Each structure stands twice: as C-alpha cells, then as structure tokens.
Amino acid sequence: MAIDRNKIRNFSIIAHIDHGKSTLADRILEQTSAVALRDMEDQILDNMDLERERGITIKAHAVTLVYHAKDGQEYVFNLIDTPGHVDFNYEVSRSLAACEGAVLVVDASQGIEAQTLANTYLAVDAGLEIVPVINKIDLPSADPDRVRHEVEDVIGIPADDAPAISAKMGINIDQVMEQVVRLVPPPEGDEKAPLKALIFDSYYDAYKGVIAHVRLKDGTVHPGDTIRMMSVGSEFTVTECGYMRATNFEPAKELSAGEVGYIAASIKAVKDARVGDTITRADDPAKEPLPGYRAVQPMVFCGIYPADGAKYPDLRDALERLQLNDAALSFEPETSVALGFGFRCGFLGLLHMEVIQERLEREYNLDLITTAPSVIYRITKTSGDVIYIDNPTNYPDPSLIATAEEPMTNAHIYTPTEYVGNIMELCQERRGTFKDMTYIDSDRVDIHYELPLNEIIYDFFDALKSRTRGYASFDYELMGYQKSDLVKLDIMLNGEVVDALSFIVHADKAYPRARKMAEKLKDKIPRQLFEVPIQACVGGRIIARETVKALRKDVLAKCYGGDITRKKKLLEKQKEGKKRMRQLGTVEVPQEAFMSVLKLDE
Amino acid sequence: MSWNSPPIGLYIHTPFCQVKCPYCDFYSLPSQGEEFYDAYVEALEKQLSCFFGGTAARRIDSVYFGGGTPNLLGEKRIGRILEQVSPYLENDTEITLEANPGENLESFFQGIHKSGVNRISLGLQSACAEELKQLGRRHTAMQAAQAVEAARKAGISNISLDLMLAIPRQTQDSLGQSLAFCEKLHPEHLSAYLLKLEPGTRFWKEKERLFLPEEEETCELYLFACRELERLGYHQYEISNFARPGKEGRHNLKYWHCEEYLGLGPGAHSFLEGKRFYYPRDLHGFLDGKPPVQDGAGGGMEEFCMLALRLREGLQEETFQKRFGIPLPKSLLRFAGQLEKAGYAEVRPGGFALTAKGFLVSNSILAQAAVCLEQAGLCT
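Residues numbered from 1 in each chain as written. Chains lettered and ligands numbered in written order. Predicted model: local features only at pLDDT ≥ 70, side-chain atom pairs only at ≥ 80, totals over all residues. Heavy atoms only, no water.

What about the overall build of chain A?
A tally of regular secondary structure across chain A gives 14 helices and 32 strands. In terms of overall size, chain A behaves like a compact globule, its C-alpha atoms giving a radius of gyration of 27 Å where 602 residues would be expected to give roughly 25 Å. Overall size of chain A, expressed as C-alpha extent along the three principal axes, is 85 × 70 × 60 Å. Within chain A, the proportion of its 602 residues that are buried is 58%. In chain A, once contacts between residues fewer than 6 apart in sequence are set aside, the share between residues at least 24 apart is 69%. (Helix = DSSP H or I, 4+ residues; strand = E, 2+ residues; numbered from the N terminus. Rg over C-alpha atoms; globule rule 2.2 N^0.38 Å. Buried < 20%, exposed > 50% of the residue type's maximum accessible area, 1.4 Å probe, protein only. Contact = heavy atoms within 4.5 Å.)

This is how it looks when you write it as structure tokens:
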C-alpha cells in the first residue's frame with residue numbers, strides 16, 4: 001500500500017560537531033514514539049561505539065518515522081542523518097541528494113561554524129529547503145537573537161521564526177517537527193516511470209548481504225525484481241525491500257517514488273552498491289542515471305603493519321571485512337625491511353584513517369604499527385613519464401626528477417577574531433598562501449588559505465585546536481597539484497636506512513623535521529648494549545644527528561640464596577621485552593618509536 | 001645409589017635478626033626467645049631427617065649457615081645441626097657461617113669451630129662510620145676487625161668479608177678507605193655487592209631521600225672496586241665475588257655451576273634431581289612442618305648459560321658439550337664476538353666470558369644470549 005506522497009517529508013539534519021545534531025535526532029525519535037523508552041539509548045543513530053565516543057557521525061543513517069502533526073494529519077518523516085566530517089563530504093552530498101529539506105542546527109552560543117556552512121552550502125546547492133533551528137537555548141551563554149541574525153547574514157535565509165530549542169532538555173522539539181511539515185516540500189517523482197533509486201548509504205550485513213539505503217526518485221521496486229547498478233552494470237535480484245525503523249527493519253511489498261527505504265539483493269560487498277550510484281530495473285531501465293555519482297578516491301595513504309608479524313593474515317582478513325562496508329578504503333600488500341609484511345592503505349582523509357586504525361585495533365584486536373601518512377605526489381621524470389607516488393620508498397632518485405608536484409587545498413578557517421594572529425602564524429608555518437579574510441559578524445572571521453594537503457594531514461587539526469583553544473573550525477577541499485620543492489628524508493639507525501621512517505617533505509621543512517625526528521627517536525629508543533647513532537639525511541647528506549648512548553648498568557649483583565627462579569623470571573621478562581621490539585640489525589626499536597614520529601609537535 | 005651421585009651443598013637459613021637492616025629483603029623476623037630458637041632448630045632437624053633419613057640421602061661437601069643472623073642461634077644449636085648431618089659430610093667439607101660483627105663472638109667462634117665450621121663470612125659492608133650508620137648497621141669497623149681476629153684465634157682460617165657498593169653518599173675515596181681497611185685484615189675472600197633497592201624495604205620507601213650515587217657514579221664505584229681488589233690480589237671470579245687463588249666460595253659456586261643444593265628454612269631454595277623447590281617465606285608454616293613448594297624444572301640450557309656467564313671462567317664449550325651433548329650454538333658465539341668488540345667480553349679458545357664492564361650490563365647480555373639460544377632452536 002503506497003503512502004500518500006504529499007504526506008512524506010525527507011530531510012536531514014546538518015550541524016557542526018557538538019551542536020546537538022544527534023541529540024535532536026534522538027528527541028525526534030522519542031516524540032514520534034519510534035523508540036520505546038526502554039530501547040532508548042543516547043544517540044541511537046550513531047551505531048558504532050566509535051561514533052558515540054567521539055560524538056561524531058561517521059556513516060549516514062536513516063530512519064522512517066510517523067508524526068501526528070497539529071493539523072490532525074499523519075506524516076511520514078524520513079530522517080537521514082549525515083556524516084559530520086570533511087573527510088566524508090561526498091557521502092554528505094549523496095545523503096542530501098536524497099532529501100527535500102535540511103534542518104540546520106546552530107548552537108545558540110557558538111553560532112555558525114565552518115562545517116555548518118560547508119554542509120549548508122552543499123544543501124543549498126542540492127536545492128534543499130533549509131529549516132534553521134537554534135539549539136542549546138538552555139545554556140547561560142545562549143544568545144538566540146545574535147545567532148538568528150548570523151544565520152540571516154551569513155547564509156542569507158530568513159530565521160525569524162526559527163524554533164529556539166534545547167534538544168538536551170526536550171524544549172520546543174514539536175516546533176521543529178511542525179516546521180518540517182510546513183517548510184519541507186513533499187517529494188516529487190513518477191511511480192510509473194522506470195525505477196531510479198539513489199544509494200545514499202550501504203553496509204554489509206552477514207545474513208542479508210549488502211543493505212543499500214535508497215531514496216526512490218521514480219518508479220517502484222519489489223522483492224523478486226532484477227535490478228541493475230547503473231555505474232557498473234552489475235545485476236542482482238531483490239530479496240527484500242522495506243523501511244528502516246528506529247530499531248528494526250520492516251519489510252514491505254513495494255517501495256515507490258518519493259520513499260526512503262532499503263534494498264537487499266544478496267550483494268557481496270559494498271563496492272558493488274556504491275554510495276551515489278543509481279539502481280534501476282533490468283527489464284525496464286532508466287535512460288540516464290541520477291547525476292552526481294563519482295567513485296571515491298583515497299587522498300591519504302599510510303603503511304599499516306601488524307606489531308606481531310604472525311598476525312598478517314588476520315590484518316588482511318580484517319581489512320577485507322572493513323572494505324565490505326567501506327568502498328573508500330583501499331589497500332594493497334607492501335613489504336618493509338623494518339616492519340615486515342603489511343599493507344599500503346588509502347583513506348579519504350585523516351579522520352577516516354584514524355577511524356579505520358581504531359576499528360582494526362578494537363573490533364579485530366590487532367596491535368598495529370602505522371607509518372607516517374602521505375599524500376599522492378605527482379612526479380614528472382626527466383624521461384617525460386609521469387608517476388604518482390603515495391609511498392616514500394618509491395620516490396625516485398632526485399637526478400631522475402624533472403618536476404615534483406604536490407596536492408593543494410582551499411582551506412577555510414572560521415574563528416573569533418582574537419585568534420586570527422595565531423592562525424595566520426600556523427598557516428604560514430604550514431606553507432600556506434593567504435587568499436582573503438571576510439567578516440562573518442563583528443567578532444568572527446572566515447580566513448581563506450591555500451594549504452598543501454601534506455601540511456594538513458599530520459597534525460593540523462590538533463595544532464589549530466590548541467592555538468585557538470578549540471574555538472576555530474576548519475574545512476578544506478582539494479584544488480589540484482602545484483609544483484613544489486620536495487625532498488625525501490631518510491632516517492638511518494646505526495648506519496642503515498629504516499624504510500618505514502622515510503617520508504617526503506618540502507625542502508624548507510626538511511631540516512627542522514629531521515631534527516625533531518632524531519630527537520624523538522633518541523627519546524623513544526631505549527639505551528641498549530651498543531651505542532645507536534641516529535642520522536637523518538636528504539640525498540645522502542646528513543642533516544641531523546643524535547646518539548643513544550650505550551647502556552651502563554643492568555645487573556643483578558646478588559644471587560638470592562640460590563633463588564635461581566627469580567633470576568630466570570627476570571630474564572624471561574627481559575627476553576619478552578626484546579621480542580616486542582623491532583630488531584633492525586643490532587638495533588632494537590620499540591613499536592612506539594615508529595608511532596612517535598607521527599606526532600612531532602607533542 | 002645416591003652415594004655415587006656428586007655431593008651436594010646444604011644451606012640452612014636463620015630467619016631472625018636483632019634489627020632488620022633497612023636495605024635487606026631476605027626473610028627474617030625480629031629475634032625471639034631461646035625456646036623459640038629450639039623449636040626452630042627442631043623443625044630444621046625434622047626436615048633434615050626427611051632428606052637424610054632414607055636411602056636417597058646425599059653426601060654433602062658444603063654447608064652454609066645464612067640469614068638473617070645465624071649467630072643468634074648460638075654455638076650449641078649450630079653444633080646440633082652439624083652433628084645430625086655429620087655422617088654425610090665429606091672430609092674437606094666447607095662449612096660457612098654468616099655472622100654480624102658484634103660483642104662476644106670469641107667463645108661463639110670457638111664453639112662452632114669445634115663443631116666443624118671452618119669459614120666465616122662477616123658482614124662488614126663499609127669501614128666508614130657514616131656509611132654504616134646510613135645502612136642501619138649496629139657495629140663499628142673496629143668490631144669487625146675484632147671479629148676477624150676472634151675467628152682466627154678460634155682456629156677459623158678462612159674468612160670472607162661482605163662489602164657494599166653504591167651506599168648512599170659513598171664516594172670513590174670512602175670506598176677506597178673501606179677496601180684499604182679490608183686489606184689490613186687479610187681476608188681470604190671478599191664479596192662486594194652493589195646496593196639494590198628492593199620493594200618492601202625501608203630504603204625502597206625512602207629512595208628519593210637517600211642521596212644514592214647516580215648511575216654513572218655507581219658504575220665507576222663498581223669498576224673501581226674490581227680494579228682495586230684485583231690489584232690487592234683478589235681475583236674476581238664472579239660478578240660480586242673476589243678471592244685469593246683457591247679460596248673461592250665453594251657453596252656459591254654450586255649455584256653458578258648449576259650443581260645441586262638443598263636449602264632449609266623459610267625462604268630457602270633448593271635444586272635437587274633436576275627440580276627446583278623452596279620453602280615459602282612463612283616461619284610458622286615451616287615450624288608446622290609444611291613441605292616445600294615445587295618451583296619447576298631447573299638446570300636447562302638457558303639457566304646454565306645465565307649462571308655460567310656470571311663467572312669469570314664464563315661459558316665453556318667443553319662443559320656445555322658435556323652437559324648438553326652439543327657444541328655452543330654459532331649465533332651465541334657470533335654475539336660473543338660483538339660483545340668483545342664493545343669490551344663486554346673476552347672470547348677465548350673454547351668459550352667466552354664477560355669482563356667487569358660486561359658484568360655491569362649482564363642482564364641485557366643474558367637476555368640477548370637467551371634469544372640466541374632460542375633462535376638456534378634450543379630453548380623456548
């Protein structure tokens with residue numbers, strides 16, 4: 001039984017981290033009685049432990065709710081939660097493409113932030129109706145009127161009747177829902193036309209295979225239909241379709257134009273049901289796919305190795321399983337002299353990388369060593385060949401390089417004016433080029449810089465946070481390659497290059513970075529039987545040097561009345577300690593030494 | 001059959017002290033009344049008859065009374081114990097008793113000499129009054145000298161002195177004075193232990209306030225002591241032990257040669273017939289006749305190497321081959337070569353041994369040696 005399309009409201013919620021998006025979603029779920037109170041767990045849409053802990057949404061989620069509006073009618077709300085991070089911009093854009101409206105949540109004391117604005121522009125570009133909401137009015141520092149003006153000035157939409165709410169306290173939530181009914185237009189579409197369903201999320205389920213979350217733009221779909229993925233042409237038979245409820249799936253005989261729901265078709269991996277792709281019916285295909293599909297490209301790469309070499313197959317299995325659910329994750333085997341067998345992994349960005357690492361460690365119980373993240377450099381060789389390098393080990397000999405280029409970004413930083421100096425200093429340090437600065441209001445600005453991507457991926461977020469006491473927010477987009485003076489920096493321990501510690505860096509940065517790395521390694525490599533010289537070099541020239549002095553004293557002077565076991569245990573412990581280290585020639589390097597060079601500013 | 005087995009060492013623990021020294025973590029309790037000592041010696045005798053009652057009894061070629069403070073037991077009780085084991089003693093058995101310098105040792109020494117004690121180990125620790133005070137010792141250097149004299153007078157001709165290195169505020173000068181003081185007493189043997197703070201001791205709790213020598217100074221003190229003692233004619237035969245030729249402590253050598261010994265008393269450890277066992281640190285359990293606790297197998301390859309490398313004679317191909325039926329693994333000899341280059345070892349035909357500098361880092365060396373054995377597929 002098809003639902004009256006005029007009673008459907010498809011919308012998402014966009015907000016900056018911590019502005020209360022997930023809390024508002026929870027309140028809406030509660031007030032539409034979608035979730036029995038006993039099932040109520042804070043932030044029900046954030047499924048992953050990691051999402052709850054970090055307070056961010058990593059994957060999109062969707063839920064179908066029924067709302068009894070004040071006009072006496074029942075409305076079907078399809079609430080599509082969007083990821084809240086720049087790494088997942090593409091996913092955000094696809095989620096928004098599934099909606100007709102977006103609830104914009106703005107913190108009543110903090111006002112508009114970089115992330116909010118970036119996502120709001122995405123929503124406006126997608127033609128969505130924006131429903132502004134001022135949240136956290138319960139806070140003493142709340143200034144709803146100022147924020148209302150800010151929304152009008154900066155985004156250019158009327159905010160006079162924006163509900164002033166507190167999602168946390170449950171104040172005025174009904175006003176939000178009434179605004180959704182009033183402002184968000186019902187979906188359009190032709191259910192008689194050939195099927196066009198936009199995949200805005202997909203994930204792997206052990207029983208049903210991939211479950212694609214879809215928004216039907218045209219046509220209908222039923223169990224038994226043969227469907228086709230329009231980007232690749234692969235075909236599957238629908239085993240089940242239906243609606244996502246707050247805590248369960250509700251199978252249906254049919255989904256039709258305007259609706260949001262799920263399709264399962266025994267699909268083995270999410271790469272076969274990619275976000276942004278269009279599903280059509282094989283027997284009556286649409287002529288054109290929906291616009292906007294692109295295959296996601298990893299931008300940041302690093303080596304991931306098991307701390308215990310024997311766990312290599314486990315790591316491979318874990319990566320394969322994560323990839324089932326994450327089409328943006330790429331990996332291929334690589335070998336390091338220092339670290340043994342591992343994988344070169346590609347990510348959308350730094351957060352994506354951290355999330356994958358954490359999931360490998362937590363959900364798959366793996367102890368990992370990762371190498372410094374790298375971007376993709378474009379090298380034109382003297383022979384005229386153009387190669388792309390994502391692993392410092394493969395960096396060609398300088399004599400073979402005609403030009404080296406690195407990826408650049410357009411970066412926007414939103415900050416209270418008092419931190420402008422600090423931020424400009426930071427951006428200069430990171431080789432940024434100042435473009436312009438605009439005032440959002442009298443005491444907040446948008447600073448626009450061009451920044452090399454490789455300056456952002458190390459610890460830019462952390463540095464920005466610490467220099468602005470957390471008040472600045474940051475967003476960037478890739479803008480292409482730019483010629484750059486790049487060098488490969490190698491680290492030698494006891495005269496041997498440690499491949500896992502090599503990285504590509506701008507020539508101006510080579511010296512300070514080399515010195516910091518040498519210092520950090522000196523700090524992390526324990527004194528051992530033999531002295532360990534640490535050298536950092538560029539093209540064979542040593543530019544920094546430290547020495548870990550030989551151990552002086554490590555002895556049990558007394559033999560405790562024949563208690564040999566005590567000595568044996570001590571020896572055993574020491575032996576185990578040695579095994580946890582990486583043996584590079586005669587040098588023992590603890591795992592954390594590899595990790596310590598990733599965060600040089602600490 | 002056991003009469004054909006090699007003789008063993010016997011260790012008797014005395015878990016009492018008049019006052020506990022603030023650095024010591026051996027098992028000892030405040031001294032008790034005479035009746036209590038009788039009960040303790042009875043418990044010892046009971047355990048002795050377990051081991052020496054039947055056909056499995058072994059011959060003994062060294063007896064060591066350690067503590068605690070063994071002289072608290074008095075010469076009669078020492079005599080009783082020795083009498084019980086006398087049928088098993090070899091002719092030239094080394095019988096050592098540890099004593100703390102103090103008053104009236106003369107008649108005690110005479111008494112125990114009659115019972116067979118032929119070696120005294122005196123806890124001198126330092127010849128500097130200030131350092132003795134720091135260590136909580138209740139005797140003077142003079143009293144130690146008198147004790148040596150008393151022992152010799154009693155006919156005990158084999159004397160060992162204990163010294164301590166890296167005492168709070170110790171300097172090379174003060175250590176030199178202690179060494180010179182020792183020399184004048186002409187002991188046959190010297191032990192020089194680096195002070196090590198043990199959890200549970202008063203020193204451990206007070207370590208921040210102790211003015212302990214820095215690591216570098218500690219190493220210098222140790223190397224200085226090794227050099228000085230060598231110069232005075234005491235050769236270093238183990239990490240912390242020095243002797244006139246032929247006067248090495250036989251009892252402790254048993255530990256390091258991986259030979260057998262029986263230890264009686266709470267906290268005492270044994271290695272017999274391939275097994276290690278010990279009596280828990282529980283005086284009342286021991287008095288009640290509780291049996292020792294098994295502590296796994298002993299005498300394996302790793303253990304053998306670990307102990308051999310404490311000695312200046314080091315790890316010898318011949319003994320290793322004889323005991324385990326295989327030559328020393330190549331990886332271990334390669335490692336020895338690296339050690340030699342760094343001045344940690346001397347490689348000799350048929351084996352290698354650590355130098356004094358090597359002794360200072362011997363734990364790290366032993367751990368790596370164990371890894372070498374493991375890589376050669378010899379241990380796990």
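Concerning the sheet that holds strand E2 (residues 61–68) of chain A
Residues and elements named next belong to chain A. Strand order across the open sheet formed by five strands is E2-E3-E1-E4-E5, with mixed pairing between neighbours. Single-partner strands in this sheet number two, and they are E2 and strand E5 (129–135). Pairwise comparison of adjacent strand axes, ignoring direction, gives a mean angle of 30° for this sheet. As judged from the six bridges shared by strand E1 (residues 8–15) and strand E3 (residues 74–81), these two strands associate in the parallel manner. By the bridge assignment for E3, Ile8 is matched with Val76. Against the sheet, helix H1 (residues 21–31) engages E1, E2, E3 and strand E4 (101–107), with an angle of about 150° to E1. (Pairing = 2+ DSSP bridges. Axes fitted to C-alpha atoms, helices over the stretch in contact; angles between N-to-C directions.)

What to know about a nonpolar patch on the surface
The grouping of A:Phe434, A:Met437 and A:Tyr439 at the surface amounts to a nonpolar patch, some 300 Å² of accessible area in total. As for its position among the elements, A:Phe434 is in strand E23 (residues 433–441). (Patch = residues over 30% accessible without salt bridge, like charges linked within 9 Å, V, L, I, M, F, W, Y side chains within 5 Å. Areas by Shrake-Rupley, 256 points an atom, 1.4 Å probe, with all protein chains shown as cover. Salt bridge = Lys/Arg side-chain N within 4 Å of Asp/Glu carboxyl O.)

Quick notes on the packing of helix H7 (residues 312–324) of chain A against helix H8 (residues 350–363) of chain A
All names here are of chain A. One can describe the packing of H7 onto H8 by two numbers: an axis separation of 11 Å at closest approach and a directional angle of 125°. In terms of orientation, H7 and H8 fall into the oblique class. Where H7 crosses over H8, the handedness of that crossing is right-handed. Here H7 contributes Leu315, Ala318, Leu319 and Leu322 to the contact with H8, which in turn contributes Ile356, Arg359 and Leu360. Of the residues assigned to the contact of H7 with H8, the class counts are six nonpolar, no polar and one charged. (Parallel < 35°, antiparallel > 145°, perpendicular 65-115°, else oblique. Left-handed = near helix turned anticlockwise from the far one by under 90°. Nonpolar A, V, L, I, M, F, W, Y, C, P; charged D, E, K, R; others polar.)

Quick word on empty space enclosed by the protein
Taken as a whole, this structure holds five cavities of 30 Å³ or more when the rule is applied. In this structure, the second largest cavity spans a volume of roughly 50 Å³. Broken down by class, the residue content of the lining of the second largest cavity amounts to eight nonpolar, three polar and no charged. (1 Å grid on protein atoms, 1.4 Å probe; cavity = no way out; pocket = protein on both sides within 12 Å on 5 of 7 lines; lining within 4 Å. Points joined across faces, edges and corners; volume = space filled by probe spheres on them.)

Quick word on the nonpolar core
Counting 125 residues, the largest nonpolar core has B:Phe109, B:Ile120, B:Tyr222 and B:Leu315 as its most contacted members. For this core, the element with the highest residue contribution is helix H8 (residues 215–231) of chain B, accounting for eight residues. If near-sequence neighbours (up to four positions away) are discounted, B:Ile120 is found in contact with B:Leu97, B:Phe109, B:Ile112, B:Ala151, B:Ile156, B:Asn158, B:Ile159 and B:Ser160. Listed in part, the 86 residues of the second largest apolar core include A:Leu426, A:Cys427, A:Leu453 and A:Phe594. (Core = buried A, V, L, I, M, F, W, Y, C linked by side-chain atoms within 4.5 Å.)

Structural notes on the interface of chain B and chain A
By convention, interface size is frequently given as the accessible area that disappears when the constituent parts associate. With 46 residues of chain B at the contact, the number on the chain A side is 31 residues. With both chains or domains summed, chain B and chain A bury close to 3700 Å², and 57% of this area falls on carbon and sulfur atoms. Our count for the chain B to chain A interface comes out at nine salt bridges. We note a salt bridge from B:Glu302 to A:Lys575, for which the minimum N-O separation is 3.0 Å. For the pair chain B and chain A, the interface holds 20 residue pairs in polar contact (both at pLDDT 80 or more). Elements supplying a minimum of two residues to the side of chain B that touches chain A: strand E8 (189–194), H8, helix H9 (250–256), strand E14 (293–297), helix H11 (301–308), helix H13 (330–341), helix H14 (356–360) and helix H15 (362–375) of chain B. (Buried area = accessible area lost by both parts, 1.4 Å probe. Polar contact = N/O pair within 3.5 Å; in protein donor to acceptor, adjacent residues only side chain to side chain.)

Let's talk about helix H5 (residues 141–153) of chain B
An α-helix turns once every 3.6 residues. As a result, residues three or four positions apart point the same way. Residues and elements named next belong to chain B. Helix length check: H5 (13 residues) gives 18 Å between terminal C-alpha atoms against 18 Å at 1.5 Å per residue, within 8%. Of all the residues in H5, the buried ones are Ala141, Gln143, Ala144, Ala145, Ala147, Val148, Ala150 and Ala151. Check the buried side of H5 and you find it contacts helix H3 (105–115), strand E6 (119–125), helix H4 (129–134), strand E7 (158–165) and helix H6 (172–185). Residue Gly155 follows H5 closely and has a positive phi angle near 100°. (Expected span 1.5 Å × (residues − 1).)

Here we look at a negative patch on the surface
All names here are of chain A. Together, Asp308, Asp314, Asp317, Glu320, Glu361 and Asp367 line one region of the surface with negative charge. Looking at the negative patch element by element, the count peaks at three residues for H7. Tracing the backbone shows Glu361 in helix H8. (Lys, Arg positive; Asp, Glu negative; His and termini not counted. Charge placed at Lys NZ, Arg CZ, Asp CG, Glu CD.)

Overview of the packing of helix H13 (residues 564–579) of chain A against H11(B)
The geometry of a pair of packed helices is captured by two quantities: the angle between their axes and the separation between those axes. Contact pair H13(A) / H11(B): the axes reach a minimum separation of 11 Å and the direction vectors enclose 100°. Considered as vectors, H13(A) and H11(B) are oriented roughly perpendicular to each other. Counting all contacts with H13(A), which are made through A:Ile564, A:Lys567, A:Lys568, A:Leu571, A:Glu572 and A:Lys575, the residues of H11(B) involved are B:Glu302, B:Glu303, B:Met306 and B:Leu307.

Structural notes on the packing of aromatic side chains
All names here are of chain B. For the structure shown, the criterion picks out 27 aromatic pairs over all chains. A centroid spacing of 6.1 Å and a plane angle of 0° characterise the contact between Phe51 and Phe277, whose relative ring orientation is stacked. You can see Phe51 sitting in helix H1 (residues 34–52) and its partner Phe277 sitting in strand E13 (residues 275–278), a full 226 residues away along the chain. Note on Phe108 and Phe109: the rings are 5.9 Å apart at their centroids and 45° apart in plane angle, and the pair reads as tilted. The residues Phe108 and Phe109 share a single accessibility class, namely buried. Following the ring pairs from residue to residue traces out a cluster consisting of Phe16, Phe36, Tyr37, Tyr40, Tyr279 and Phe286. Here Arg169 stacks its cationic end above the ring of Phe211, 4.0 Å away from the centre of that ring. Cation over ring: Lys207 sits above Trp204, and NZ or CZ is 3.6 Å from the ring centre. (Phe/Tyr/Trp six-rings, centres within 6.5 Å; stacked < 30°, edge-to-face > 60°. Lys NZ or Arg CZ within 6 Å of the ring centre and 35° of its normal.)

Focus: the confidence of the model for chain A
All names here are of chain A. Scored by pLDDT, chain A has a mean of 87; 93% of the residues are at 70 or more. Of the regions scoring below 50 in pLDDT, residues 36–45 engages in 25 contacts with residues more than four places distant in sequence or in other chains. Ignoring residues within four places in sequence, the model shows residues 54–60, a span with pLDDT below 50, making 34 contacts including any to other chains. (pLDDT = per-residue confidence, 0-100.)

Brief notes about the pairing of strand E31 (residues 581–584) of chain A
On a regular strand, one side chain projects to one face of the sheet and the next to the other, so that they alternate. Residues and elements named next belong to chain A. The two faces of E31 differ: Arg582 and Leu584 on one face are buried, but Met581 and Gln583 on the other face are not. In terms of strand pairing, E31 meets strand E32 (residues 587–590) through four bridges, oriented antiparallel. In the strand pairing of E32, Gln583 is matched with Glu588. Linking two consecutive strands that pair antiparallel, namely E31 and E32, is a turn of two residues; a positive phi of about 65° is found at Gly585 within it.

Re the pattern of salt bridges
All names here are of chain A. Following the criterion strictly, the structure yields 59 salt bridges over all chains and no others. Here Glu363 ties to Arg359 by a salt bridge, and the two come within 2.9 Å at their closest N and O atoms. Of this pair, Glu363 and Arg359 are both found in helix H8, four residues apart, which corresponds to roughly one turn of the helix. Classification of Arg359 as buried rests on a relative accessible area of 16%. Between Lys509 and Glu455 there is a salt bridge, and its shortest N-O distance comes to 3.0 Å. In this pair, Lys509 sits in helix H12 (residues 507–524) while Glu455 sits in helix H10 (residues 453–456), placing the two residues 54 residues apart along the sequence. For the pair shown, Lys509 and Glu455 are each scored as buried.

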